[in-house]
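Now for the letters of each chain:
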There are 2 protein chains.
Amino acid sequence: MIRLFIVDDHPVVIEGIHGLLQHEPDIEWAGHAMNAASCLGFFVNNTADIVLMDISMPGMDGVELCGLMREKYPGVFILGLSTFNQGLYIKKMMENGASGYILKNSTKEELLKAIYTVNTGNIFFSGEAGEVLKEYQRSSTRIPELSPREKEILGLIAEGYTNPQIAEKIFLSSFTVDSHRKNLLAKLNVKNTAMLIRMAVENKLL
Amino acid sequence: MIRLFIVDDHPVVIEGIHGLLQHEPDIEWAGHAMNAASCLGFFVNNTADIVLMDISMPGMDGVELCGLMREKYPGVFILGLSTFNQGLYIKKMMENGASGYILKNSTKEELLKAIYTVNTGNIFFSGEAGEVLKEYQRSSTRIPELSPREKEILGLIAEGYTNPQIAEKIFLSSFTVDSHRKNLLAKLNVKNTAMLIRMAVENKLL
DNA sequence: CCCTTAATCCCCTGAAAAGGTGATTTTAAG
DNA sequence: CTTAAAATCACCTTTTCAGGGGATTAAGGG
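This report concerns the structure included in the present document.

Calculation notes
- Residues numbered from 1 in each chain as written.
- Chains lettered and ligands numbered in written order.
- Predicted model: local features only at pLDDT ≥ 70, side-chain atom pairs only at ≥ 80, totals over all residues.
- Heavy atoms only, no water.
- Helix = DSSP H or I, 4+ residues; strand = E, 2+ residues; numbered from the N terminus.
- Buried < 20%, exposed > 50% of the residue type's maximum accessible area, 1.4 Å probe, protein only.
- Contact = heavy atoms within 4.5 Å.
- Areas by Shrake-Rupley, 256 points an atom, 1.4 Å probe, with all protein chains shown as cover.
- Least-squares fit on C-alpha atoms with pLDDT ≥ 70 in both.
- Near = heavy atom within 4 Å.
- Polar contact = N/O pair within 3.5 Å; in protein donor to acceptor, adjacent residues only side chain to side chain.
- Nonpolar A, V, L, I, M, F, W, Y, C, P; charged D, E, K, R; others polar.
- Salt bridge = Lys/Arg side-chain N within 4 Å of Asp/Glu carboxyl O.
- Phe/Tyr/Trp six-rings, centres within 6.5 Å; stacked < 30°, edge-to-face > 60°.
- Buried area = accessible area lost by both parts, 1.4 Å probe.
- Pairing = 2+ DSSP bridges.

Below, the discussion takes up the overall build of chain A. Tallying secondary structure elements over chain A gives ten helices and six strands in all. Within the span of chain A, comprising 206 residues, buried residues form 48% of the whole. For chain A, long-range pairs separated by at least 24 residues make up 65% of all intrachain contacts whose partners lie at least 6 apart in sequence. Accessible surface, chain A as shown: approximately 9900 Å² in total, 55% of it carbon and sulfur.

Before going further, it helps to spend a moment on the relation of the copies chain A and chain B. Superposition of chain A onto chain B requires a rotation of 179 degrees combined with a translation of 0.5 Å along the rotation axis, giving an RMSD of 0.6 Å. Taken together, the turn and the small shift mark the pair as related by a two-fold rotation axis. Interface residue correspondence from chain A to chain B reaches 97%, placing this contact among same-surface, isologous pairings.

With that settled, the discussion passes to the protein's contact with DNA strand D. In the vicinity of DNA strand D lie 17 residues, with S147, T176 and S179 of chain A together with K182 and T193 of chain B positioned nearest. The contact in question runs from a phosphate oxygen of DNA strand D to an N or O atom on the backbone of N163 of chain B, over 3.0 Å. Contact distances for DNA strand D include 2.7 Å between a phosphate oxygen and a backbone N or O atom of T193 of chain B. Class assignment for the residues of the surface near DNA strand D results in four nonpolar, nine polar and four charged.

Let us now look at the pattern of salt bridges. Residue and element names in this part refer to chain A. According to the stated counting rule, one finds 16 salt bridges over all chains in the structure shown. Between R149 and E152 there is a salt bridge whose closest N-O contact spans 2.8 Å. With R149 and E152 both in helix α7 (residues 148-158) and three residues apart, the pair spans about one turn of that helix.

Another point: the side chain of E150 of chain B. Within the fold, E150 of chain B resides in helix α7 (residues 148-158). Within the structure, the side chain of E150 of chain B is placed 2.9 Å from the backbone nitrogen of S147 of chain B, a separation counted as a polar contact.

This part is about the packing of aromatic side chains. All names here are of chain A. For the structure shown, the criterion picks out eight aromatic pairs over all chains. Ring centres of F5 and F43 lie 5.5 Å apart, and the angle between their planes is 75 degrees; on these two criteria the pair is classed as edge-to-face. Pair noted here: F5 is in strand β1 (residues 2-7) and F43 is in helix α2 (residues 36-45), with a separation of 38 residues, a long-range link. The same class applies to F5 as to F43, namely buried. Relative to Y73, the ring of F43 has its centre 5.4 Å away and its plane inclined at 35 degrees; by these criteria the two rings are tilted. Taken together, the positions of F43 in helix α2 and Y73 in the loop between α3 (62-72) and β4 (77-82) put the pair 30 residues apart, joining distant regions of the chain.

Further remarks concern the protein's contact with DNA strand C. Around DNA strand C sit 18 residues in total, of which T193 of chain A together with S147, R149, T176 and S179 of chain B are the nearest. Of everything in DNA strand C that lies within 4 Å of the protein, sugar and phosphate atoms constitute 63%. H180 of chain B has a polar side-chain atom sitting 3.0 Å from a phosphate oxygen of DNA strand C. Elements represented by at least two residues in the surface near DNA strand C include exactly α9 (174-187) of chain A together with α7 and α9 (174-187) of chain B. When residues in the surface near DNA strand C are grouped by element, the largest group, five residues, is from α9 of chain B.

Attention now goes to unusual backbone geometry. The phi torsion at N189 of chain A lies on the positive side, around 55 degrees, for a residue other than glycine. In this fold, N189 of chain A is placed in the loop between α9 and α10 (193-202). Under the relative-accessibility criterion, N189 of chain A is labelled exposed at 68%. Even without being glycine, F171 of chain B reaches a positive phi, approximately 55 degrees.

With that settled, the discussion passes to the interface of chain A and chain B. Listed by partner, the interface residues are 31 residues for chain A and 31 residues for chain B. Counting the surface lost from both chain A and chain B, the interface buries some 2300 Å², and carbon and sulfur atoms represent 55% of this. Sorting the residues of chain A by area buried against chain B places N122, I123 and R198 of chain A first, and these three jointly supply 21% of that buried surface. Applying the counting criterion to the chain A and chain B interface returns zero salt bridges. On inspection of chain A and its partner chain B, the count reaches ten residue pairs in polar contact (both at pLDDT 80 or more). When the residues that make up the side of chain A that touches chain B are grouped by side-chain class, the tally is eleven nonpolar, twelve polar and eight charged. Looking at chain direction, strand β6 (residues 123-125) of chain A and strand β6 (residues 123-125) of chain B are connected through three bridges and run antiparallel. Following the sheet pairing, I123 of chain A is matched in β6 of chain B by F125 of chain B.

None of this, on its own, says anything about what the molecule does.
In C-alpha cells, the structure reads:
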C-alpha cells in the first residue's frame, strides 16, 4: 500500500488526481495541502510514502518545499508536478532531491507508473517533461557559433592558463591568443573573463 | 514486442543479460555489438527499439556513441549501463540524450522496469545510479566553506562586476573587495578569475 | 579570557586583460 | 573568381587583477 499526499494550490488538480486514483487498490490517499506550510504541518504528526508536489505555489514554492522535505523526511519521495513549459523549475526540483517529474496532463497509466517507480526508490521522468527540459536547455543554449580555435582557447582559459601560457602551449603568438580572446568576449557579448567563463559553463561550451 | 540491442565490450555482461531476458515474452533479442563501430554498422541495415549501452568501451566510448546514435536514429532509446562509481559518465550520458541509466548489478525486475519505462518514451534512473550520481556530485562539491560575504562577492564577480564596481555596489572599499577576492582564490585553490568562476559554477556556488 | 575567524581597510609591484586599430594569409562557400 | 570568415600577427593605452606585505575591529566558541 502506497500512501500518497498531494500539494497543489489548484483544487481542480487535487480533485482530478484524487478521482483518477481513488479506486486504485494499492494506493491510499493520505491527504492534501494547498500550500507549503500546510504540507509541513501535516508531516509533523503524519507521514506518507510519496508526495505529489506542484512547483508553482503562493508563498513558499515547490522547489524550496522540496528541499526542506527531503532534508526533514528523507524517506518520503517527492514527485514533481507541473504544467508544460517550466523547464527551469523541473531542473531545480531535481537538484532539490525530487525523485521524478510528471506533467499534469499525464494519463492515469503514466501517473501510476511514475508512482510505482518512485516508490521503489527509482527515478521517473515523463517523456514530455524530458522534452520540456530539453527545449529549455536548447533555448538557453542559443548562442553565437564559435570557431574550433575559439573553443579550444576558451577551454584553456577556463583551465586557468593566461594568454602567454596558451600561446606557448599551442604554438601561437600571444597577440593571436589575445585576438581570439577578444573575439570571444565580443561574440558572447560579455565584458570580462568572469562573465565569459560563466557563460561558457552555463551553456556547456566546455 | 520490444527489440533490444546491447553494446558492451564484456562478453560476460552480454551473456548475462541475454540469459536474464531470453525467456521474457515481450522482449526480442535484436543482437549485440562489442564496440561502437560494430553497433553503428548494425543500425545501417537493422534497427532496434532500445539499446543497452556500456559507457566505458575501447575506441569510441559510450558517451560519444550515445550522442551519435541519438542524432542518427532519434527513435531508438538508449539505456546507459554502468558499474558503480562512474558518476561523471552517468551525467554525461544523460546530457547526450540517454533515456535512462541502470547499474550492471541490477535485478531482473529493475532491468525490466527500466526497459518498459524507456520504451514508452519516459526516463528511468535506478535508485543506485541516482546515489552514484549524488555521491559524485557530493565529492566534487567538497570545497572549503565560504563566508556569506565571500559568496556575495563571488556572485558579483560572476556577474562581471570589477572590484571598484562591487565596492561601490555594496559600500565597501575596493581594497576590501580585493581582499575577499584573494581569499576566494586561496580558499578554492585557484590562480585566477577564470578558474574561480569555473569552480564556482561547477560546484553550484552561484 | 583568549583565540580564531570574518570582515574591514591600506599600500606597492608587476603581470595580465580589456579596448582600440590595424594588417596578412588561408580556407571555405557562393 | 570573388567574398567572407577564420586564423594569424602587431602595437599602444588604460584598467584590472594577482601576489606580496601589512593592520584593526567585531563576534563567537572553547
